[in-house]
Amino acid sequence: MHLDAYQEAAFSLNRFESLPPGFPHAAFCALGLGGELGEAITAPKDKQVEELGDVLWYLAVLAHVLDFRMSDINSQPVVTNWAGTAARLGAIQELLKKLYRNNEELDAVWKHRLRGALTEFFGAFRGMCRVLGTTVDDVMDANLEKMRARELEGTLLGNREVQ
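Residues numbered from 1 in each chain as written. Predicted model: local features only at pLDDT ≥ 70, side-chain atom pairs only at ≥ 80, totals over all residues. Heavy atoms only, no water.

Draft legend 1. Geometry of the overall build of the protein. Along the protein, the regular secondary structure elements total 7 helices and 0 strands. Listed by position from the N terminus, the elements making up the protein come as α-α-α-α-α-α-α. Expected size for 163 residues packed as a compact globule is a radius of gyration near 15 Å; at 15 Å, the protein falls within 12% of this value. Viewed in the frame of its principal axes, the protein has a C-alpha envelope of about 40 × 35 × 30 Å. Burial statistics for the protein: of 163 residues in total, 45% are counted as buried. If you take every contact in the protein between residues at least 6 apart in sequence, the share linking residues at least 24 apart comes to 76%. (Helix = DSSP H or I, 4+ residues; strand = E, 2+ residues; numbered from the N terminus. Rg over C-alpha atoms; globule rule 2.2 N^0.38 Å. Buried < 20%, exposed > 50% of the residue type's maximum accessible area, 1.4 Å probe, protein only. Contact = heavy atoms within 4.5 Å.)

Take a look at the structure:
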């Protein structure tokens, strides 16, 4: 599957309408990205690849919200570990924090900074796929299958875990 096709499919499964009015979609995605990366890091080895799918979903939706295609942030795998991947996520979150804190517009300068941070994170993500013996294509396919099944079950909002 092509990255941009995955991104469109992932975005079509978002549930932003469940957010409080005015809650920034990019902030929601960055929070989700952090939560899912944390789950991937702490998951048993046999579940880490599945959790990477959720990380990729939030990355794809965040890129869409920021008006980037996944192919815009595609990069070669970076040799890294979980800490390096988390540090790159921190750079994305720090930029978004400053953007919202300063009540600034998402102008060309901010977009350039965020594109760089997203590209670095995606390179680290690709590197972690390699470390875990999988590919981004396999992660995309498995994640969409899981998300579509959740949509059919009516549990796309994660209602299976939170009552």
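So, next bit.
Draft legend 2. The arrangement of the environment of T80 in detail. Note on placement: T80 falls in the loop between α4 (70–73) and α5 (82–101). If we ignore the near neighbours within four places in the chain, the residues touching T80 are T85, R88, A124, M128 and V131.

Draft legend 3. The packing of aromatic side chains, seen in detail. Across all of its chains, the model carries 3 aromatic pairs by this definition. Look at W57 and Y58: their rings are 4.8 Å apart centre to centre, the planes differ by 90°, and that puts the pair in the edge-to-face class. Both residues of the pair, W57 and Y58, count as buried. In this structure an aromatic cluster arises from ring pairing among F28, W57 and Y58. For the cation-ring pair, K111 lies above F68, with the distance from its terminal atom to the ring centre recorded as 5.2 Å. Note that R113 overlies the ring of W110, its terminal NZ or CZ placed 4.9 Å from the centroid. (Phe/Tyr/Trp six-rings, centres within 6.5 Å; stacked < 30°, edge-to-face > 60°. Lys NZ or Arg CZ within 6 Å of the ring centre and 35° of its normal.)

Draft legend 4. Highlighting helix α3 (residues 48–65). Taking 1.5 Å as the rise per residue, α3 with 18 residues should run 26 Å; its terminal C-alpha atoms sit 26 Å apart, in good agreement. Where burial is concerned, most of α3 is hidden: 14 out of the 18 residues are buried. D67 sits one or two positions beyond α3 and adopts a positive phi of about 70°. (Expected span 1.5 Å × (residues − 1).)

Draft legend 5. Summary view of the confidence of the model for the protein. With 94% of its residues at a pLDDT of 70 or more, the protein shows a mean pLDDT of 90. Across residues 159–163, where pLDDT falls below 50, the model places 5 contacts with residues more than four positions away in sequence or in other chains. (pLDDT = per-residue confidence, 0-100.)

Draft legend 6. Here's a closer look at unusual backbone geometry. For D67, which is not a glycine, the phi torsion comes out positive at approximately 70°. Mapped onto the elements, D67 comes out in the loop between α3 and α4. A positive phi angle is found at N103, which is not glycine, with a value near 55°. Relative to the helices and strands, N103 resides in the loop between α5 and α6 (108–131).

Draft legend 7. Broad picture of the pattern of salt bridges. Per the stated rule, a full pass over the model turns up 7 salt bridges. With a shortest N-O distance of 3.8 Å, R69 and D4 are connected by a salt bridge. Here R69 is found in the loop between α3 and α4, whereas its partner D4 is found in helix α1 (residues 3–12), with 65 residues between them in sequence. Judged by relative accessible area, which is 49%, R69 ranks as partly exposed. Assessed through its relative accessible area of 17%, D4 is described here as buried. (Salt bridge = Lys/Arg side-chain N within 4 Å of Asp/Glu carboxyl O.)

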